Amino acid sequence: MKILTIIVRLLLGLMFVVFGSNAFLHFMPMPPLPDTPAGNFISAMVASHYIYGVAIFQVLGGLLLVIGRYVPLGLTLLGPVIVNIDLYHIFMDRIGLGMAAIVSLLALFLLWRYRDAFAGLLRP
């Protein structure tokens, strides 16, 4: 189980480091955005530079997962990002829903493995 945890931690961390750093470095070209609510949402995030705030949390959270230090903090930083990714794909663009579900399952697995770090939040 320890090896699986390391694999999941690295996979999820690298995913967020790569896609988060793309907001700054633009190494993956972005196709033209359609005139749909999903396209308008992404356009608004880019135009307002809100995307950079999201990308910072993705890169920082992903790096914490990759290096293996402060993993619960990394999961805490990535939690709201993952929820927003899920909601975006549920309500606006169902094409990426499968990948969003995989990311959510990987994060839930890590939350389960590091549940002791979050135990204080769940105590009455």
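Above: the structure in question.
Residues numbered from 1 in each chain as written. Predicted model: local features only at pLDDT ≥ 70, side-chain atom pairs only at ≥ 80, totals over all residues. Heavy atoms only, no water.

**Considering the layout of surface pockets**
Quantified by volume, the largest pocket comes out at close to 1600 Å³. Taken together, 44 residues line the largest pocket, and the ones lying closest to its centre are Ile-42, Ile-51, Gln-58, Ile-85 and Tyr-88. Listed by contribution, the elements that provide at least two residues to the lining of the largest pocket are α1 (2-25), α2 (37-47), α3 (50-67), α4 (71-91) and α5 (97-113). Sort the elements by how many residues they give to the lining of the largest pocket and α4 lands first, with 10 residues. Of the residues in the lining of the largest pocket, the class split is 33 nonpolar, 10 polar and 1 charged. For the second largest pocket, the calculated volume is near 210 Å³. Along the walls of the second largest pocket sit Leu-75, Thr-76, Gly-79, Ile-82, Val-83, Asp-86, Ser-104, Ala-107, Leu-108, Leu-111 and Phe-118, which together make up its complete lining. Contributing elements (two or more residues each) for the lining of the second largest pocket: α4 and α5. Among the elements that make up the lining of the second largest pocket, the one with the highest residue count is α4 (6 residues). Grouping the amino acids of the lining of the second largest pocket by side-chain chemistry returns 7 nonpolar, 3 polar and 1 charged. (1 Å grid on protein atoms, 1.4 Å probe; cavity = no way out; pocket = protein on both sides within 12 Å on 5 of 7 lines; lining within 4 Å. Points joined across faces, edges and corners; volume = space filled by probe spheres on them. Helix = DSSP H or I, 4+ residues; strand = E, 2+ residues; numbered from the N terminus. Nonpolar A, V, L, I, M, F, W, Y, C, P; charged D, E, K, R; others polar.)

**Quick look at the packing of aromatic side chains**
Tallied over the full model, the rule gives 2 aromatic pairs. Ring geometry for Phe-24 and Tyr-52: centres 5.5 Å apart, planes at 20°, overall stacked. You can see Phe-24 sitting in helix α1 and its partner Tyr-52 sitting in helix α3, a full 28 residues away along the chain. A relative accessible area of 39% places Phe-24 in the partly exposed class. The exposure class of Tyr-52 is partly exposed, given its relative accessible area of 30%. Over the ring of Trp-112 we find Arg-115, and its NZ or CZ is 4.0 Å from the ring centre. (Phe/Tyr/Trp six-rings, centres within 6.5 Å; stacked < 30°, edge-to-face > 60°. Buried < 20%, exposed > 50% of the residue type's maximum accessible area, 1.4 Å probe, protein only. Lys NZ or Arg CZ within 6 Å of the ring centre and 35° of its normal.)

**So, the nonpolar core**
The biggest cluster of nonpolar side chains holds 16 residues, and the ones touching the most others in it are Leu-12, Phe-16, Leu-65, Leu-75, Ile-82, Val-103 and Leu-110. Mapped by element, the contributors of at least two residues to this core are α1, α4 and α5. (Core = buried A, V, L, I, M, F, W, Y, C linked by side-chain atoms within 4.5 Å.)

**Digging into the side chain of Thr-5**
Considering the arrangement of structural elements, one finds Thr-5 in helix α1. Since its relative accessible area comes to 6%, Thr-5 is described here as buried. If near-sequence neighbours (up to four positions away) are discounted, Thr-5 is found in contact with Phe-109, Leu-110, Arg-113 and Tyr-114. (Contact = heavy atoms within 4.5 Å.)

**As for the environment of Ala-119**
You can see Ala-119 is positioned in helix α6 (residues 119-122). For the pair Ala-119 and Val-81, spaced 38 residues apart in the sequence, the C-alpha separation amounts to 22 Å.

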